[in-house]
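Letter by letter, the chains look like this.
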Amino acid sequence: MPIPTSFITVQSSKRLLAALLSALLLALPVAAQIEPPPPPPRADQPKRLPDGRLWSEAVLKANYEANRKDLERMRKILDSVQKELDETKGHVLSIRALKELEELERLSRRVRDRMRQH
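All of these numbers come straight from a predicted model, not from anything done at the bench.

Each value, and the rule that gives it
- Residues numbered from 1 in each chain as written.
- Predicted model: local features only at pLDDT ≥ 70, side-chain atom pairs only at ≥ 80, totals over all residues.
- Heavy atoms only, no water.
- pLDDT = per-residue confidence, 0-100.
- Helix = DSSP H or I, 4+ residues; strand = E, 2+ residues; numbered from the N terminus.
- Buried < 20%, exposed > 50% of the residue type's maximum accessible area, 1.4 Å probe, protein only.
- Contact = heavy atoms within 4.5 Å.
- Core = buried A, V, L, I, M, F, W, Y, C linked by side-chain atoms within 4.5 Å.

Asks: How should I be thinking about the confidence of the model for the chain in this particular structure?
Replies: Close reading of the predicted structure is inappropriate where its pLDDT is low. Considering every residue of the chain, the mean pLDDT works out to 82; 80% of them sit at 70 or more. Per-element confidence in the chain is highest for helix H3 (residues 95-117), whose mean pLDDT is 94, and lowest for helix H1 (residues 10-33), whose mean pLDDT is 69.

Asks: When you look at the side chain of Arg114 in this model, what are you seeing that I'm missing?
Replies: Position of Arg114 relative to the elements: it lies in helix H3. The exposure class of Arg114 is buried, given its relative accessible area of 14%. When residues no more than four places from it in sequence are discounted, the contact partners of Arg114 are Asn63, Ala66, Asn67 and Asp70.

Asks: What exactly am I supposed to notice about the side chain of Asp70 here?
Replies: Tracing the sequence through the fold places Asp70 in helix H2 (residues 55-88). For Asp70, the residues in contact, after removing those within four places along its chain, are Leu107, Arg110, Val111 and Arg114.

Asks: What should I look at first to understand the nonpolar core in this one?
Replies: When a protein is soluble and globular, its nonpolar side chains tend to lie buried together. The biggest cluster of nonpolar side chains holds five residues, and these are Met74, Ile77, Val81, Leu104 and Leu107. At the level of secondary structure, the elements contributing two or more residues to this core comprise H2 and H3. Sorting elements by how many residues they give to this core places H2 first, with three residues. Contact partners of Ile77, with chain neighbours within four places excluded, come to Glu100, Glu103, Leu104 and Leu107.

So this is what it looks like as structure tokens:
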């Protein structure tokens, strides 16, 4: 149903126009303050950590340290199992030694997987 034009007065249309213009003028400074998002990193740029180091170098260093720690633990396990084997002359192996050998397998898998990543 069309609105009769007799209800819209010149004064009400001026008020409506003034309200719209003032809302637009108030919105402009807010829109100007919004910063555009930073551009996405290019594919040829390496990823960097917040402290500036290369991400890949930090991962390699962390993997290296973890591998050294795991290999040291593996050495201790091997020494322990070898000592126990020498004491028993190979006839019987304790459950503790078997559990240590299982841990040795887990550690070796973990080291191997880390080395295969890079």
